[in-house]
Amino acid sequence: MKAAVYEGPRTVTVKDVPDAKIEHPCDIIVKITTTNICGSDLHMYEGRTSFESGRTLGHENMGQVVEVGSAVRKVQVGEYVVLPFNIACGFCKQCEQGLTNYCLTMQPEPDLAGAAYGFADMGPYQGGQAELLRVPYGDFNALRLGEDAAERQTDYVMLADIFPTGYHATEMAHVKPGDQTIVFGAGPVGLMATYSALLKGAGRVWTADHQPDRLRKAEEIGAIPINTAEQNPAEVVKEATLGLGADNGCECVGYQAHDPEGHEDASLTLNGLIDSVRFTGDIGVVGVFLPQDPGGAEAQGEMEAQGKVPIDFGMMWFKGQHMGTGQAPVKKYNRALRDLIAGGKAEPSFVVSHELSLDEAPTAYEHFDARDDGWTKVVLHPDGHGNGHKQ
Ligand SMILES: [Zn+2]
Ligand SMILES: [Zn+2]
């Protein structure tokens, strides 16, 4: 089968690899019809992680089931399914509590938790930017889709990661109807956090970024854009709230946060949130931060390369703010969000800028990594059948 294989910093090649196959009676094999390139793929693409050369990328996947293991009871051949990026067992101490993002069974390293497809430090699993994907514990991990699945793939594929992840940011920030919420980052996840806050009935949502094309998307869905090249988000928000600040905020950028000139500073968005959010407000951090950033010494400094980020903790403590962190437990939200899509209440495909074939993955990585204007979210169709309104 064909797959998009990581071959070293800034090198992705589409080549033939062995077919994904059933390795355990609970596995299913999915023919991938839609798979996304994600901002966190870029951390691996840029060589900033321990991701091994020769592995297939891709953790945002959906497709059609083509084979099921002998112990699979629910999922059937022919069904369209979307796969949470978290690979989970369903029976460990963490999964029992719904914390599939920190599954203990699927992570082979005893001192780590959590697993994902084609992801650094999250187990040996291959990614889905390929023609076929092996899904462990298929009955637990696959979310089945309805009759409109084939036509609405660019909506449903967002359930694999960015829609639940954006939603999770608003859950950790405790966004409620009427709240005034600020989102740092208007990349795909920031746009999904913005969208989720609006779906929850937030009274006012600001989205801060310095990329005009991304800010335009935020404005299109009803947020107030803040261009950080021109304005200080904390000042904008305080001026609009009698000096109080936002009720809550979401961090959707991560350790590669940078100013409009491109200078990286991992504390930039966290300190922006501590400043922008009111006393006792809540902050949800879903942007990726890492315990080690091997490539980060050059971009930032020795301290940041070891995952140490200097934040205004004194001010955060003084303000009595709360901060929630970590990857999203996708399964906790994906069923409800699927039904919002099916019911016509949510259309997360608005983030999609490009639908391409798998063969175009190398070009797509280049453009997305360069943050080229208009490259918001790239969707690949390994089966060659784009439902393709965007090229
Ligand atoms: Zn992702
Ligand atoms: Zn588990």
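Per-chain numbering applies: the sequence of each chain, read as written, is numbered from 1 onward. All chains are assigned letters beginning with A, and all ligands numbers beginning with 1, in the order in which they are written. Predicted model: local features are reported for residues with pLDDT of at least 70 only, side-chain atom pairs are reported and counted for 80 or more only, and whole-chain, interface and lining totals are derived from all residues. Remark: hydrogens and water are excluded; side-chain values derive from all non-hydrogen atoms of the structure.

**Thoughts on the coordination of the zinc ion (ligand 1)**
In an ideal tetrahedron of four donors about a metal, each angle is 109.5 degrees. In an ideal octahedron of six donors, the angles are 90 or 180 degrees. Note on the zinc ion (ligand 1): its protein donors are Cys38 (SG), His59 (NE2), Glu60 (OE) and Asp161 (OD). The metal-donor distances range over 1.9 to 2.2 Å. Counted as coordinating are nitrogen, oxygen and sulfur atoms within 2.8 Å of the metal, or 3.2 Å for Na, K and Ca, while water is not included, which may make sites look incomplete. For the zinc ion (ligand 1), the donor residues sit on a single chain with the sequence spacing C-x20-H-E-x100-D. Given a relative accessible area of 0%, His59 falls into the buried group. Judged by its relative accessible area of 0%, Glu60 is buried. Think of it in three bands: with a 1.4 Å probe and only protein chains considered, a residue is buried below 20% of the maximum accessible area for its type, exposed above 50%, and partly exposed in between.

**Here's the deal with the nonpolar core**
To qualify as a nonpolar core, a set must consist of buried Ala, Val, Leu, Ile, Met, Phe, Trp, Tyr and Cys residues joined through side-chain atoms within 4.5 Å. Leu145, Met158, Leu159, Phe163 and Val351 are the most contacted members of the largest nonpolar core, which totals 41 residues. A helix here means a DSSP run of H or I that spans at least four residues, while a strand means a run of E at least two residues long, and both kinds are numbered starting from the N terminus. At the level of secondary structure, the elements contributing two or more residues to this core comprise β5 (80–83), α5 (162–172), α6 (188–199) and α13 (330–342). No other element matches the six residues that α6 contributes to this core. Residues Ala116, Ala361, Tyr365 and Leu380 belong to the second largest nonpolar core, which totals 25 residues.

**Section: the UniProt feature "domain: Alcohol dehydrogenase-like C-terminal" (unreviewed entry) in the protein**
UniProt positions are given in the numbering used here, feature names are shortened, and annotations may be inferred rather than shown by experiment. The UniProt record marks residues 188–288 with the feature "domain: Alcohol dehydrogenase-like C-terminal" (unreviewed entry), using the residue numbering of this structure. Secondary structure content for residues 188–288 is 38% helix and 25% strand, while the C-alpha to C-alpha distance between its ends is 13 Å.

**Brief notes about the packing of aromatic side chains**
Stacked, edge-to-face and tilted labels apply to pairs of Phe, Tyr and Trp rings (six-membered ring for Trp) whose centres lie within 6.5 Å, assigned for plane angles under 30 degrees, over 60, and everything in between, in that order. Counted by the stated rule, this structure contains seven aromatic pairs. Their ring planes at 40° and their centres at 6.1 Å tell us that Phe163 and Tyr195 sit as a pair that is tilted. Of the two residues, Phe163 sits in helix α5 while Tyr195 sits in helix α6, which places them 32 residues apart along the sequence. Just as Phe163 is buried, Tyr195 falls in that class too.

**Comments concerning the side chain of Arg338**
Among the structural elements, Arg338 can be located in helix α13. By relative accessible area, Arg338 is classed as buried at 16%. When checking whether two residues touch, look at their non-hydrogen atoms; a contact exists if any pair is within 4.5 Å. Excluding its chain neighbours within four sequence positions, the residues that come into contact with Arg338 are Leu143, Arg144, Leu145, Tyr156 and Leu159.

**Digging into the environment of Asp359**
Tracing the sequence through the fold places Asp359 in the loop between β14 (354–357) and α14 (361–369). Under the relative-accessibility criterion, Asp359 is labelled partly exposed at 46%. Sequence separation of Asp359 and His174 is 185 residues, and the distance between their C-alpha atoms is 41 Å. Apart from residues no more than four positions distant in its own chain, Asp359 is found in contact with Lys2 and Val14.

**Side note on the UniProt feature "domain: Alcohol dehydrogenase-like N-terminal" (unreviewed entry) in the protein**
On the UniProt side, "domain: Alcohol dehydrogenase-like N-terminal" (unreviewed entry) is annotated at positions that read residues 26–137 here. End C-alpha to end C-alpha, residues 26–137 measures 5 Å, and it is 10% helix and 23% strand.

**Here we look at the coordination of the zinc ion (ligand 2)**
With distances of 2.4 Å, the protein atoms coordinating the zinc ion (ligand 2) are Cys89 (SG), Cys92 (SG), Cys95 (SG) and Cys103 (SG). Between 85 and 135 degrees for all angles marks four donors as tetrahedral; over 155 degrees for opposite donors together with 65 to 115 for all other angles marks four donors as square planar and six as octahedral; every other arrangement is irregular. Taken together, the four donor atoms surrounding the zinc ion (ligand 2) define angles of 105 to 115° at the centre, an arrangement classified as tetrahedral. Look at where the donors of the zinc ion (ligand 2) fall in the sequence and you get C-x2-C-x2-C-x7-C. Per residue, the accessibility class of Cys89 equals that of Cys95, and both read buried.

**Details of the sheet that holds strand β13 (residues 322–325)**
Read across the open sheet, the six strands follow the order β10-β9-β8-β11-β12-β13; overall the sheet is parallel. Among the strands making up the open sheet, the edge pair consists of β10 (224–227) and β13. Looking at each pair of strands side by side, their axes are set apart by 20° on average, direction ignored. Of the strand pairs in this sheet, strand β11 (residues 246–251) and strand β12 (residues 277–285) are connected by five bridges, and their pairing is parallel. Paired with Gly249 across the bridge in β12 is Ile283. Set on the sheet, helix α7 (residues 212–220) makes contact with β9 (204–209) and β10; between it and β9 the angle comes to about 170°. Note on geometry: axes are C-alpha line fits, over the in-contact stretch for helices, and angles between N-to-C directions span 0 to 180 degrees. Across the face of the sheet, helix α8 (residues 233–240) comes into contact with β8 (180–184), β9, β10 and β11 while running at roughly 165° to β9. Only when DSSP finds a minimum of two bridges between them are two strands counted as paired.

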